[in-house]
Amino acid sequence: MRTRTLTILAVALLTGSAAPAAAESLSAIFKQVSPSIVMVRTTQKEMTAGPERQVVTMPGLGSGVLVSADGKVITAAHVVHTADEIMVEFQNGELIPAKVLSSEPTADVALIQLEKLPSSPIIAGLGDSEKVEVGEQVFVVGAPLGMSHSLTVGHISARRNLKTVYSGMSQSDFFQTDAAINQGNSGGPLFNMAGEVIGIVSYILSK
């Protein structure tokens, strides 16, 4: 699978009356995949500005998804690329340290390795992002503003080449979606309606 990054252009969702069968299906898929979603908490040492420069520790927050039985988690590169410490928090509150295995800032995708396996690991399946078409319904699960395991639903609005928007990210194509996203969702998975990961949340474009 070729991992795709995800860019969000719209954060407002229109309310509508979904069919009961569709709602039940989404609820069941969410329950299935939710335990694989994690919060990625980071700390990073930075130097303060001004005449009395000091080293301070800055916290960071993102999302991620467990994708292998040996404890590998996919997240966004900008969440962990410069972190000094990474802690992964699971739905049951379990906290596990992790380290970066690989990071590709030009694609905004990173793979991190848990130092130990969670007590009850649930692995998310990977879908084929090449087969995703504009108009398909998708959903995002993550930690917007620190509220873990929040679900938002939308559609694939477009497929775009990211270098037409961000010249520094030339190694990726991306999905545009209208699923609502906020800070803290970065690194979280974009799912198709089969419960398969087809993208990783990267950027919010508000203008």
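Conventions used here
Residues numbered from 1 in each chain as written. Predicted model: local features only at pLDDT ≥ 70, side-chain atom pairs only at ≥ 80, totals over all residues. Heavy atoms only, no water. Helix = DSSP H or I, 4+ residues; strand = E, 2+ residues; numbered from the N terminus. Contact = heavy atoms within 4.5 Å. Areas by Shrake-Rupley, 256 points an atom, 1.4 Å probe, with all protein chains shown as cover. Buried < 20%, exposed > 50% of the residue type's maximum accessible area, 1.4 Å probe, protein only. Pairing = 2+ DSSP bridges. Salt bridge = Lys/Arg side-chain N within 4 Å of Asp/Glu carboxyl O. Axes fitted to C-alpha atoms, helices over the stretch in contact; angles between N-to-C directions. pLDDT = per-residue confidence, 0-100. Core = buried A, V, L, I, M, F, W, Y, C linked by side-chain atoms within 4.5 Å. Polar contact = N/O pair within 3.5 Å; in protein donor to acceptor, adjacent residues only side chain to side chain.

Points about the overall build of the chain
Secondary structure assignment for the chain yields 2 helices and 13 strands. By sequence separation, contacts in the chain at least 24 residues apart represent 64% of the contacts at least 6 residues apart. By element, 53% of the accessible surface of the chain is carried by carbon and sulfur atoms, the whole surface being about 10,500 Å².

Quick look at the pairing of strand β11 (residues 173–177)
Burial analysis of β11 places 4 of its 5 residues in the buried class, the great majority of the element. Pairing analysis gives 5 bridges linking strand β10 (residues 150–161) to β11, with the strands arranged antiparallel. Note that in β11 the partner of I156 across the bridge is T177.

With respect to the pattern of salt bridges
The final tally for this structure, using the stated rule, is 2 salt bridges. Salt-bridge contacts for R41 lead to E89; the nearest nitrogen and oxygen are separated by 2.8 Å. Pair noted here: R41 is in strand β2 (residues 37–47) and E89 is in strand β5 (residues 85–89), with a separation of 48 residues, a long-range link. For E89, a relative accessible area of 18% gives the class buried.

Quick notes on the pairing of β10
Pairing of strand β9 (residues 137–142) with β10, which is carried by 6 bridges, proceeds in the antiparallel orientation. Bridged to V138 within β10 is G154.

Quick notes on the sheet that holds β5
With antiparallel pairing, the 6 strands of this closed barrel are ordered in space as β2-β3-β4-β7-β6-β5. Mean inter-strand twist for the sheet, computed between neighbouring axes without regard to direction, equals 40°. The pairing of β2 with β5 spans 5 bridges and is antiparallel. Looking at β5, one finds that V40 is bridged to V88.

Some details on the confidence of the model for the chain
In this model, the chain carries a mean pLDDT of 84, and residues with pLDDT of at least 70 account for 82%. Counting interchain partners and residues more than four positions distant, the pLDDT-below-50 stretch residues 1–20 has 62 contacts.

Thoughts on unusual backbone geometry
A positive phi angle, close to 55°, is found at D108, a residue other than glycine. Positionally, D108 belongs in the loop between β6 (95–104) and β7 (109–114). On the basis of relative accessibility, which here comes to 2%, the residue D108 falls in the buried class.

Structural notes on the nonpolar core
Counting 16 residues, the largest nonpolar core has V80, I86, V88, F90, I112 and L114 as the members making the most contacts within it. Setting aside residues no more than four positions away along its own chain, I112 makes contact with G71, K72, V73, T75, V80, I86, V88, A98, K99, V100 and L101. Within the second largest apolar cluster, 14 residues are counted, among which are V33, F139, V141 and V197.

Points about the side chain of N185
Note on placement: N185 falls in the loop between β11 and β12 (189–191). Excluding anything up to four places from it in sequence, N185 contacts S63, V140, V141, G142, A143, P144, A180 and V201.

Focus on the environment of R53
With respect to the element layout, R53 can be found in the loop between β2 and β3 (55–66). When sequence neighbours within four positions are dropped, the list of residues in contact with R53 reads M47 and T48.

Side note on the side chain of T177
Turning to its location among the elements, T177 is positioned in strand β11. A polar side-chain atom of T177 sits 2.7 Å from the main-chain carbonyl oxygen of H155. Polar side-chain contacts of T177 include one of 3.2 Å to the backbone nitrogen of A179.

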